[in-house]
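The lines below spell out each chain.
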Amino acid sequence: MADGKKSNKRYSVFNSIIYTTIRFTMDILSMLNNNMKLKEIYKELRKIDEFHSNFNPTSESKARMRKLISLIPISKYDRVR
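Residues numbered from 1 in each chain as written. Predicted model: local features only at pLDDT ≥ 70, side-chain atom pairs only at ≥ 80, totals over all residues. Heavy atoms only, no water.

Student: So what's going on with the packing of aromatic side chains? Residues and values would help.
Tutor: Following the criterion strictly, the structure yields 1 aromatic pair and no others. Their ring planes at 40° and their centres at 5.4 Å tell us that F51 and F55 sit as a pair that is tilted. (Phe/Tyr/Trp six-rings, centres within 6.5 Å; stacked < 30°, edge-to-face > 60°.)

Student: A description of the pattern of salt bridges should follow, citing residues and the corresponding values.
Tutor: Tallying each qualifying case throughout the model produces 1 salt bridge. The salt bridge partner of E44 is R64, with a shortest N-O separation of 2.7 Å. Of this pair, E44 sits in helix 1 (residues 2-54) while R64 sits in helix 2 (residues 59-71), and the two are 20 residues apart along the sequence. The partly exposed category is assigned to R64, whose relative accessible area is 37%. (Salt bridge = Lys/Arg side-chain N within 4 Å of Asp/Glu carboxyl O. Helix = DSSP H or I, 4+ residues; strand = E, 2+ residues; numbered from the N terminus. Buried < 20%, exposed > 50% of the residue type's maximum accessible area, 1.4 Å probe, protein only.)

Student: Which residues make up the nonpolar core, and what are the values?
Tutor: Formed by I41, L45, I48, L68 and I72, the largest nonpolar core amounts to 5 residues. The element contributing the most residues to this core is helix 1, with 3 residues. Contacts of I72, omitting those with residues within four sequence positions, involve L38, I41, Y42 and L45. (Core = buried A, V, L, I, M, F, W, Y, C linked by side-chain atoms within 4.5 Å. Contact = heavy atoms within 4.5 Å.)

Student: Give me the lowdown on the environment of M65, citing residues and values where you can.
Tutor: Positionally, M65 belongs in helix 2. Taking the relative accessible area as the measure of exposure, M65 reaches 26% and is therefore partly exposed. Separated by 20 residues in sequence, M65 and L45 have C-alpha atoms that sit 6.4 Å apart. Residues within four places of M65 in sequence aside, it is in contact with L45, I48 and H52.

What follows is the structure, given as structure tokens:
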């Protein structure tokens, strides 16, 4: 009986370690994905800005620019007081 309890404790600790490791890995992958998404947003915004500097802005390009800007997360440190 005592061996069964020790085995269950080991199993529980092992599951905790595995769960924590998986959660940490998923958080890192999520941060990398968000970083890649932000890079793509800024890249497209630069292209739209270049288009606006060379040609007259269209309603579609303005709408796309507003949509991309709305996708950029704002932290509490970015807000103007």
